[in-house]
Amino acid sequence: MTLPTVDPVRSPKLVWIAAVLTSFLGAAILFSAEPGINWPIWVAAASASLIASRLVAARRAEIPLLVLVAWATLLSVAFALTDTDFLHFLIVLSDAMLLGLATITLGAENWSELSAKLLVAVPFLAPLRVLAGTAHEGSNASRSISSPRSRAIVKGTLFSVPLVLILIVLLSSADPIIRWSTDRIAAWLPDWSFPPRVIFFAFLLVLTLGANSIAARQIAARFPQYPPLAVKPTIGLTEQRMMLWSAAVVLWLFVALQASYFIHPPPAAIGTGVTFADFARRGFGELSFAATIVAAIILILEFTRPVGATDRDRAMLRRLELALVIALELVLISAFRRVVLYEQAYGFTEARVFAQAYMFAMALALAALGLEIMRRRVSVAFGRRVAEIALGVFTILVFWNYESWIANRNVDRATLTGKFDASYASRLSRDAIPTLVRRRGEIPQPQRDTVEMRLACKTLPADRRWFEWNRSTVATAKALSSYDRPPCSIIRPTYRAD
């Protein structure tokens, strides 16, 4: 197949124009702004800039590139739907990994060419390649200028301006005259505070320009090369059989005990000293960790299997591994059931929801491992499938308002049991406030008084600019304004300087 060639005239112009516009947009709506729709707008613009640079230069946009930037853009939309800082951090981190992976895999034609080991290289390789791409574009920016002296001036400006801006930032805090000068400039440009916003613009320009440069110049994929192991580690067949047999016996014994509890009462009910709370709470973390460890051991044994193993030995080991995978799935079901029992008895929390999400992802990953074992070889694609499962579960979490769901379930439980953890409900983020306001009348006394007192002290979100729109913030403001709140009666401590 003949690879397309790069357009030497149009590509550099588009690379610069797209990078400058994208960076200007980011500096305008991201710098010193509340989290909202500004993040998905910028991620979509950066993704479009990358794809446009690729289309103009190479006259094609490969499927892996489109999938990665589309997934990053989809995740970024959740940034404007939730007001949880922890989720905002995870969304930004995930978008950075996806866009970084798109950058280092540019030129890959098939999704199957990607593997999970590339994720390890993203935090190190992506910044290096982006910086190299920015340096390449900066050094070649003066080629269109005819005069050698003009080219030198342009090149010197590109290298000098960032240095001057950095020095001004550092020295302005130490010298009042420099500080006064920068303050006067900031007064002249109220919408573009100098120099922080300009430096932020330069930072975004370095990122987008480098990524666009790679998209325009890199025709074939340049995957990172990992040095091969000098000697492949091996674990003997006897040791592998002993490890698999011992793990299988222990896990299936545990599964049999759990199955017996459907017929006979669990230890909490037969005078063993173990309370129901202990039975429900104990183990679901340990069981999930045990399932993870055993799954990792299966992978290690597959990787270290002796080359000289006969087909009969390999078939026997595969049967043991499949037995282990089935047992692990049942162990995860037991762990999930314990979380459900604990939620029914003691309420719903974020930690328990996250634990169930992890168990669900782990169960899907084990199913994928079982399919690989049945195909007689754990391929490189298994790591990619696990990454896809993890990212898929995370995508569901960020779009699902689980805090509102937690508040709803706890209120439902309170109507049946009369028990409600008002302190925990008050610690939930703004995502749960509309639900608590709407259903506060169903919360039993005196927990209702505690909730209403805490809601009375919640400040209304300040007015936001259009690019700071956030669904959770808008819903919270509407909910808190929908009824006559009593005055805040919580006495906050005051501090006096001695």
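Cut-off values and rules
- Residues numbered from 1 in each chain as written.
- Predicted model: local features only at pLDDT ≥ 70, side-chain atom pairs only at ≥ 80, totals over all residues.
- Heavy atoms only, no water.
- pLDDT = per-residue confidence, 0-100.
- Helix = DSSP H or I, 4+ residues; strand = E, 2+ residues; numbered from the N terminus.
- Contact = heavy atoms within 4.5 Å.
- Patch = residues over 30% accessible without salt bridge, like charges linked within 9 Å, V, L, I, M, F, W, Y side chains within 5 Å.
- Areas by Shrake-Rupley, 256 points an atom, 1.4 Å probe, with all protein chains shown as cover.
- Salt bridge = Lys/Arg side-chain N within 4 Å of Asp/Glu carboxyl O.
- Phe/Tyr/Trp six-rings, centres within 6.5 Å; stacked < 30°, edge-to-face > 60°.
- Buried < 20%, exposed > 50% of the residue type's maximum accessible area, 1.4 Å probe, protein only.
- Lys NZ or Arg CZ within 6 Å of the ring centre and 35° of its normal.
- Expected span 1.5 Å × (residues − 1).
- Lys, Arg positive; Asp, Glu negative; His and termini not counted.
- Polar contact = N/O pair within 3.5 Å; in protein donor to acceptor, adjacent residues only side chain to side chain.
- Axes fitted to C-alpha atoms, helices over the stretch in contact; angles between N-to-C directions.
- Parallel < 35°, antiparallel > 145°, perpendicular 65-115°, else oblique.
- Left-handed = near helix turned anticlockwise from the far one by under 90°.
- Nonpolar A, V, L, I, M, F, W, Y, C, P; charged D, E, K, R; others polar.

1. A word on the confidence of the model for the protein
Line of reasoning, step 1. When pLDDT is averaged across the protein, the result is 82; 85% of the residues are at 70 or more.
Line of reasoning, step 2. Put simply, helix α10 (residues 276-281) is where the protein has its lowest mean pLDDT, 56, and helix α3 (residues 63-77) is where it has its highest, 94.
Line of reasoning, step 3. The model gives residues 1-9 a pLDDT under 50, and that stretch makes 18 contacts with residues more than four places away or in other chains.
Line of reasoning, step 4. Counted against residues more than four places away or in other chains, residues 268-274, with its pLDDT under 50, gives 9 contacts.

2. Some points on a nonpolar patch on the surface
Line of reasoning, step 1. Together, Leu163, Ile166, Leu167, Leu170 and Leu171 make up a nonpolar patch on the protein surface, roughly 480 Å² of accessible area in all.
Line of reasoning, step 2. On the secondary structure map, leucine 163 appears in helix α6 (residues 148-172).

3. So, the packing of aromatic side chains
Line of reasoning, step 1. Under the definition given, this model contains 9 aromatic pairs.
Line of reasoning, step 2. The interplanar angle of 40 degrees and the centroid separation of 6.0 Å between the aromatic rings of tryptophan 39 and phenylalanine 79 together place this pair among those described as tilted. Placement of tryptophan 39 in helix α2 (residues 38-58) and of phenylalanine 79 in the loop between α3 and α4 (85-104) is noted, with a sequence separation of 40 residues between them.
Line of reasoning, step 3. A relative accessible area of 14% places tryptophan 39 in the buried class.
Line of reasoning, step 4. Its relative accessible area of 8% is what places phenylalanine 79 among the buried residues.
Line of reasoning, step 5. Grouping aromatic residues by their ring pairs yields a cluster made of Phe348, Phe354, Trp400, Tyr402 and Trp405.
Line of reasoning, step 6. The aromatic ring of tyrosine 483 is capped on one face by arginine 440, whose charged end is 3.9 Å from the ring centroid.

4. Considerations on the pattern of salt bridges
Line of reasoning, step 1. In this structure the tally under the stated criterion is 16 salt bridges.
Line of reasoning, step 2. Residue arginine 60 is joined to glutamate 109 by a salt bridge in which the shortest nitrogen-to-oxygen separation is 3.2 Å. Taken together, the positions of arginine 60 in the loop between α2 and α3 and glutamate 109 in the loop between α4 and α5 (117-140) put the pair 49 residues apart, joining distant regions of the chain.
Line of reasoning, step 3. Exposure remark for arginine 60: the relative accessible area of 18% places this residue in the buried category.
Line of reasoning, step 4. On the basis of relative accessibility, which here comes to 30%, the residue glutamate 109 falls in the partly exposed class.
Line of reasoning, step 5. The salt bridge partner of arginine 439 is glutamate 442, with a shortest N-O separation of 2.8 Å.

5. Thoughts on helix α12 (residues 311-346)
Line of reasoning, step 1. Taking 1.5 Å as the rise per residue, α12 with 36 residues should run 52 Å; its terminal C-alpha atoms sit 52 Å apart, in good agreement.
Line of reasoning, step 2. Glycine 347 sits one or two positions beyond α12 and adopts a positive phi of about 100 degrees.

6. With respect to the side chain of glutamate 403
Line of reasoning, step 1. With respect to the helices and strands, glutamate 403 occurs in helix α15 (residues 402-417).
Line of reasoning, step 2. Lacking a salt bridge, the buried glutamate 403 has lysine 458 as its closest oppositely charged neighbour, with an N-O distance of 9.1 Å.
Line of reasoning, step 3. Within polar-contact distance, the side chain of glutamate 403 engages the side chain of serine 429 at 2.6 Å.
Line of reasoning, step 4. With sequence-adjacent residues up to four places away left out, glutamate 403 is seen in contact with Thr84, Glu350, Leu428, Ser429, Asp431 and Ala432.

7. Remarks on the packing of α4 against helix α14 (residues 381-399)
Line of reasoning, step 1. Put simply, α4 and α14 touch, their axes get as near as 11 Å, and they point 140 degrees apart. Here α4 is positioned oblique relative to α14, judged by the angle of their axes. For the pair α4 and α14, the sense of crossing is left-handed. Contact residues: Leu87, Leu90, Ile91, Ser94 and Leu98 in α4; Leu391, Phe394 and Val398 in α14.
Line of reasoning, step 2. For the contact of α4 with α14, a count of residues per class yields 7 nonpolar, 1 polar and no charged.

8. Some details on the side chain of aspartate 431
Line of reasoning, step 1. For aspartate 431, the location among the structural elements is in the loop between α16 (422-427) and α17 (433-438).
Line of reasoning, step 2. Buried aspartate 431, no salt bridge; nearest opposite-charge side chain is arginine 471, N-O distance 6.7 Å.
Line of reasoning, step 3. Engagement of the side chain of aspartate 431 in a polar contact is seen with the side chain of threonine 84, the distance being 3.1 Å.
Line of reasoning, step 4. Excluding residues that lie within four positions of it along the chain, aspartate 431 makes contacts with Leu81, Thr82, Asp83, Thr84, Asn401, Glu403, Ser404 and Ser472.

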